[in-house]
Amino acid sequence: MAQATHYNKYPQEERRRPRIVSREEAMELQDYRHACHIMLYAPTIAKLFGRVPIRYVVLMMMRYDGRLGFPGGFVDMKDASLEDGLNRELLEELGPSFNTLKVTEENYKSSQVREVPLKGVTHFFVKELTLEEIESIEKESFNAKDHGSEVMGVVRVPLYTLRDGFGGLPAFLSNNFIGNSKSQLLYGLRSLRLLREDQIQDAIWCSQNNQY
Ligand code: GTP
Ligand code: MN
Ligand code: MN
Ligand code: MN
Ligand code: MN
Ligand code: MN
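All values reported here derive from a predicted model rather than from experimental measurement. (Residues numbered from 1 in each chain as written. Chains lettered and ligands numbered in written order. Predicted model: local features only at pLDDT ≥ 70, side-chain atom pairs only at ≥ 80, totals over all residues. Heavy atoms only, no water.)

Observations regarding the pairing of strand β9 (residues 120-128)
Working step 1: Within β9, eight of the nine residues are buried, which leaves the element mostly enclosed by the surrounding structure.
Working step 2: Pairing geometry for strand β2 (residues 33-43) and β9, over nine bridges, is parallel. Paired with His37 across the bridge in β9 is Phe124.
Working step 3: Taken together, the six bridges between strand β8 (residues 108-114) and β9 define a ladder with antiparallel strand orientation. Its bridge partner being in β9, Val113 is matched across the sheet by Val121.
Working step 4: Between the end of β8 and the start of β9, which pair antiparallel, lie five residues. (Buried < 20%, exposed > 50% of the residue type's maximum accessible area, 1.4 Å probe, protein only. Helix = DSSP H or I, 4+ residues; strand = E, 2+ residues; numbered from the N terminus. Pairing = 2+ DSSP bridges.)

Right, here's the structure in full:
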């Protein structure tokens, strides 16, 4: 309670930390740029080295700026809805798979608002696919318009932690991430129960306390 009071005394413009808002609230904001990104994932029974369960294939991408992020992007004036904008970006960034695969309102998950460095809203979507659909997206991603320019490659997120206590998810989390995409990843893993809470907490701790 005391903390909330302390936090709230700062005017909205000076709050550096993105805040969670409802979709309705987000859509009423004036002069904010909207962007939509999505976590695409599929369950798998495959094991690394025949021993380590991979559990889920979760897609992110290496961006042109050297940071990791989710596929998606800014919603433009000509996009009729958030989903329209996201489907257009997915076609540009991931390629022809998204002529048929379409994101809908059912895939909407959450929205976050930030004031700095620029006023913006990021909307986060999630969609479960089959392993075959994920593999086909990966293959077709080389034919995407933005492949090799905005997109340097689609990557899979390792969800396991190797015996050294750092390889896998902790090492992955030590990368650089665009905007709040790292918190979106953790939120997605948590809320979809792709990992248990203690596994997520361990991975975060190991990513911050490695000696390698
Ligand atoms: P351009 O076509 O070059 O404009 O890029 P884009 O439309 O694909 O936009 P981009 O994906 O870069 O996302 C727009 C803005 O949202 C970025 O400038 C980042 O601040 C932020 N952003 C990018 N990726 C992510 C992401 O995965 N999650 C979140 N929360 N924000 C992101
Ligand atoms: Mn993008
Ligand atoms: Mn784009
Ligand atoms: Mn951009
Ligand atoms: Mn764009
Ligand atoms: Mn673009």
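Regarding the layout of surface pockets
Working step 1: When its volume is computed, the largest pocket comes out at roughly 770 Å³.
Working step 2: Surrounding the largest pocket, 33 residues form its lining, His37, Phe74, Arg114, Thr122 and Ile178 being those nearest its centre.
Working step 3: Sorting the residues of the lining of the largest pocket by element identifies β2, β5 (56-63), β7 (72-74), α3 (82-94), β9 and α6 (181-191) as the ones contributing at least two each.
Working step 4: For the lining of the largest pocket, the element with the highest residue contribution is α3, accounting for four residues.
Working step 5: Looking at the lining of the largest pocket residue by residue, the class counts come to eleven nonpolar, eleven polar and eleven charged. (1 Å grid on protein atoms, 1.4 Å probe; cavity = no way out; pocket = protein on both sides within 12 Å on 5 of 7 lines; lining within 4 Å. Points joined across faces, edges and corners; volume = space filled by probe spheres on them. Nonpolar A, V, L, I, M, F, W, Y, C, P; charged D, E, K, R; others polar.)

Observations regarding the pattern of salt bridges
Working step 1: Applying the stated criterion across every chain yields a total of 13 salt bridges.
Working step 2: With a shortest N-O distance of 3.3 Å, Lys78 and Asp76 are connected by a salt bridge.
Working step 3: Residue class for Asp76 comes out partly exposed when judged on its relative accessible area of 27%.
Working step 4: Between Arg88 and Asp79 there is a salt bridge, and its shortest N-O distance comes to 2.9 Å.
Working step 5: Taking the relative accessible area as the measure of exposure, Arg88 reaches 16% and is therefore buried. (Salt bridge = Lys/Arg side-chain N within 4 Å of Asp/Glu carboxyl O.)

A closer look at the side chain of Asp146
Working step 1: Mapping Asp146 onto the fold places it in the loop between α4 (131-140) and β10 (151-156).
Working step 2: Setting aside residues no more than four positions away along its own chain, Asp146 makes contact with Glu92, Glu93 and Val151. (Contact = heavy atoms within 4.5 Å.)

What to know about the site of ligand 1
Working step 1: Close contacts around ligand 1 come from 17 residues, with Phe70, Phe74, Glu93, Asn180 and Gln184 the closest.
Working step 2: Taking Gln184, its side chain carries an N or O atom lying 2.7 Å from a nitrogen atom of ligand 1.
Working step 3: Within the complex, 80% of the 630 Å² of free accessible area of ligand 1 lies under protein.
Working step 4: Assessed atom by atom at 2 Å from the grid points, ligand 1 resides in the largest pocket.
Working step 5: If you list the elements that add at least two residues to the shell around ligand 1, you get β2, β7, α3 and α6.
Working step 6: The greatest single-element share of the shell around ligand 1, amounting to three residues, is contributed by β7.
Working step 7: The residue inventory of the shell around ligand 1, partitioned by class, reads four nonpolar, eight polar and five charged. (Near = heavy atom within 4 Å. Polar contact = N/O pair within 3.5 Å; in protein donor to acceptor, adjacent residues only side chain to side chain. Areas by Shrake-Rupley, 256 points an atom, 1.4 Å probe, with all protein chains shown as cover. Sits in = over half its atoms within 2 Å of the grid points.)

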